[in-house]
Amino acid sequence: MKLLRIIPFLLIPLLGAAQDDLLGELEKQAVPPTVPVVATFKSTRIINGHSVETVKRNHMDFRISHRFGRLNSGAYELFGLDQATIRLGLEYGVTDNLMIGIGRSSEQKAYDFFGKYRVLRQTTGARTVPVSVTLFGSTVIRTVRSFIPGEQERSFQDKLSYTGQVLIARKFSERLSLQLTPTYLYRNQPELAADDQLLLAVGIGGRYKISKRVSLNGEYFWALRDKSSAALPYYNSLAVGFDIETGGHVFQLHFTNSLGMIEKQFIGETVGTWGKGDIHYGFNISRTFSLDKKSKRAATDW
Amino acid sequence: MIRYLFTYILLLLIGLTASGPVRAQSNLYATATGQTSFFSETPAENITAVNKKTQAILNTSTGELAIRMNMRDFDFPNELMEEHFNENYLESEKYPTATFRGKVDQTVDYTQNGTYEVSTTGAFTIHGVTQNRTLKGQLIVKDKTISISSDFEVALADHKIEVPKIVFMKIAQVIKVKARYQLTPYNR
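The shown structure was predicted, so the numbers you read here are calculated from the model rather than taken from an experiment. (Residues numbered from 1 in each chain as written. Chains lettered and ligands numbered in written order. Predicted model: local features only at pLDDT ≥ 70, side-chain atom pairs only at ≥ 80, totals over all residues. Heavy atoms only, no water.)

**Student:** Is there a simple way to explain the overall build of chain B in this structure?
**Tutor:** Helix and strand counts for chain B stand at two helices and nine strands. Each helix and strand of chain B, placed in order from N terminus to C terminus, yields the pattern α-β-β-β-β-α-β-β-β-β-β. Burial statistics for chain B: of 188 residues in total, 51% are counted as buried. Element-wise, carbon and sulfur atoms account for 56% of the exposed surface of chain B, whose accessible area totals about 10000 Å². (Helix = DSSP H or I, 4+ residues; strand = E, 2+ residues; numbered from the N terminus. Buried < 20%, exposed > 50% of the residue type's maximum accessible area, 1.4 Å probe, protein only. Areas by Shrake-Rupley, 256 points an atom, 1.4 Å probe, with all protein chains shown as cover.)

**Student:** Help me out: how do you make sense of the overall build of chain A in this one?
**Tutor:** Within chain A, the regular secondary structure consists of four helices and 14 strands. Considering only contacts within chain A whose residues lie at least 6 apart along the sequence, 59% involve residues at least 24 apart. Working note: accessible area of chain A is about 14800 Å², and carbon and sulfur atoms make up 65% of it. (Contact = heavy atoms within 4.5 Å.)

**Student:** Can you help me understand the nonpolar core in this one?
**Tutor:** Grouped burial of nonpolar side chains is what soluble globular proteins tend to show. All names here are of chain B. One finds Phe38, Phe74, Phe76, Tyr110, Ile146, Tyr181 and Leu183 to be the most contacted residues of the largest nonpolar core, which totals 41 residues. Looking at this core, the element that brings in the most residues is strand 9 (residues 174-186), giving five residues. Among residues more than four places away in sequence, those in contact with Ile146 are Tyr29, Leu58, Thr60, Tyr110, Leu139, Ile140, Tyr181, Gln182 and Leu183. (Core = buried A, V, L, I, M, F, W, Y, C linked by side-chain atoms within 4.5 Å.)

**Student:** In this structure, what is going on with the pattern of salt bridges? I would like to understand it.
**Tutor:** Close approach of charged atoms lets side chains of opposite charge pair. Residue and element names in this part refer to chain A. With the rule as written, the count across this model stands at 24 salt bridges over all chains. Here Arg70 and Asp278 are joined by a salt bridge, their closest N and O atoms 3.7 Å apart. One end of the pair, Arg70, is in strand 2 (residues 59-70); the other, Asp278, is in the loop between helix 3 (263-268) and strand 14 (280-290), and 208 residues separate them in sequence. With relative accessibility at 39%, the residue Arg70 sits in the partly exposed group. On the accessibility criterion, Asp278 (11% relative accessible area) is buried. With its nearest N and O atoms 2.9 Å apart, the salt bridge here joins Arg87 to Asp112. Of this pair, Arg87 sits in strand 3 (residues 84-93) while Asp112 sits in strand 5 (residues 110-120), and the two are 25 residues apart along the sequence. Accessibility classification places Arg87 together with Asp112 in one group, the buried group. (Salt bridge = Lys/Arg side-chain N within 4 Å of Asp/Glu carboxyl O.)

**Student:** Even after reading the chapter, I still don't get the confidence of the model for chain A, so can you show me in this structure?
**Tutor:** Do not read the fine detail of predicted coordinates wherever pLDDT is low. In this model, chain A carries a mean pLDDT of 88, and residues with pLDDT of at least 70 account for 89%. In the model, residues 12-19 of chain A has pLDDT below 50 throughout and makes 10 contacts with residues more than four positions away in sequence or in other chains. (pLDDT = per-residue confidence, 0-100.)

**Student:** In this structure, what is going on with the packing of aromatic side chains? I would like to understand it.
**Tutor:** Pairs of aromatic rings are described using the distance from one ring centre to the other and the angle between the two planes. Counted according to the given criterion, the structure contains 11 aromatic pairs over all chains. Where Phe114(A) meets Phe136(A), the ring centres are 5.6 Å apart and the plane angle is 40°; that geometry is what we call tilted. Within this pair, whereas Phe114(A) is found in strand 5, its partner Phe136(A) is found in strand 7 (residues 132-142), the two being separated by 22 residues in sequence. For the residue pair Phe114(A) and Phe136(A), the accessibility class agrees, reading buried in each case. Between Phe38(B) and Phe85(B), the ring centres sit 5.6 Å apart and the planes meet at 20°, which makes this aromatic pair stacked. You can see Phe38(B) sitting in strand 1 (residues 28-41) and its partner Phe85(B) sitting in helix 2 (residues 79-89), a full 47 residues away along the chain. Among the residues examined, Phe85(B) registers a relative accessible area of 8% and is labelled buried. Each member of the aromatic cluster is reached from another via a ring pair, and the members are Phe68(A), Phe255(A), Tyr281(A) and Phe283(A). Over the aromatic face of Phe172(A) sits the side chain of Arg170(A), whose NZ or CZ is 5.2 Å from the ring centroid. The ring centre of Phe289(A) lies 5.1 Å from the NZ or CZ of Arg287(A), which sits over that ring. (Phe/Tyr/Trp six-rings, centres within 6.5 Å; stacked < 30°, edge-to-face > 60°. Lys NZ or Arg CZ within 6 Å of the ring centre and 35° of its normal.)

Quick look at the structure:
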């Protein structure tokens with residue numbers, strides 16, 4: 001019993017010693033850093049839609065994206081693999097927060113031009129910012145000719161559509177990141193006459209890392225259509241898939257009911273529905289190249 | 001009760017005397033702006049990064065030396081490398097710092113200006129894995145500053161830093177490290 005009472009006192013000199021430890025002294029002196037949260041997502045896309053990430057300064061991201069035909073098209077079409085739609089993209093980081101990109105989709109022979117700017121970065125530590133916020137804007141020119149004989153071609157103006165998005169994301173833990181994506185979509189001339197020019201939508205997306213290099217991703221866009229437009233053959237877009245990262249490459253493999261890979265198409269014109277098995281297998285391959293000469297110069301300075 | 005109180009006071013006195021001498025001294029030298037840089041050299045790619053916020057502290061009466069740095073303070077020539085460094089290789093979220101805690105092996109007269117070839121032995125921790133290392137270096141005493149410099153190597157495997165096969169060719173298995181610290185008198 002006596003011994004037990006003495007034990008707390010025995011610790012006192014130890015406390016003193018801990019303070020005198022040099023490493024402890026350094027820890028005490030260290031300025032608590034504000035740590036920017038990086039790699040909320042592995043890629044600039046969650047699946048179809050953009051993520052808060054931007055291509056880093058002086059880097060070029062070459063993207064090849066495919067969506068195959070519908071799984072329910074049967075064995076004759078090899079479950080959709082006989083058909084493929086493609087988007088090729090070149091995307092460049094002007095600064096660490098600003099990127100621009102250009103893409104060409106086989107669907108509607110559409111060219112898309114976009115810019116993305118990170119206005120806020122999530123941080124932890126001394127100064128805490130709870131979310132990352134990135135603004136996204138794009139213009140799409142659909143150049144496909146009408147297949148109806150005698151129908152007048154669209155004017156240049158009527159080929160255009162515009163998208164604006166506010167991407168708000170938070171990396172909750174090393175594994176879990178979620179994003180909310182309010183979307184504004186304006187088509188000068190919608191694909192179907194019954195459709196409205198303006199479409200508002202809200203996207204939610206996220207990723208869950210299942211290992212250091214692989215994450216499970218999901219994404220849903222809820223199109224806020226008028227009740228009266230219920231006759232339109234459009235569905236909300238849902239996609240699930242995996243990200244696999246290896247150095248400068250990110251492979252994204254997924255299933256989605258959307259064929260298009262640009263906002264106008266997958267948010268506004270998704271005609272497939274998961275319920276009937278209108279599911280497309282697809283992948284995005286992203287290869288990032290550094291166009292930075294500085295890294296080579298720095299190496300010779302050593 | 002009195003007995004316990006007596007024991008307490010006695011122990012307290014022992015405690016104070018045990019930690020007293022170190023506390024009373026002002027022979028500590030330190031910096032918070034030390035430079036630590038590393039270099040990875042392969043035929044495919046050379047990568048270099050520098051940390052200019054390295055903390056170092058030296059007790060000249062005991063020869064004890066401690067070094068500490070935040071992994072996220074390493075500056076890379078490009079952001080993508082920095083992201084991969086923190087995110088994939090060093091896992092800076094889990095293991096935010098690298099530290100060294102050791103002792104200068106030689107007895108150096110820190111009151112005499114001069115250049116001393118020294119070595120220091122102690123625990124080197126990075127990526128949460130500690131290795132006992134003896135690092136060679138140079139110690140220059142000039143008036144009131146002590147400059148420490150050391151060039152050494154760190155093998156990734158020694159600290160369980162994994163590099164995937166596909167980027168194996170681009171990252172050296174043994175990384176060269178340069179440490180340059182200028183310590184000035186330090187009062188706590």
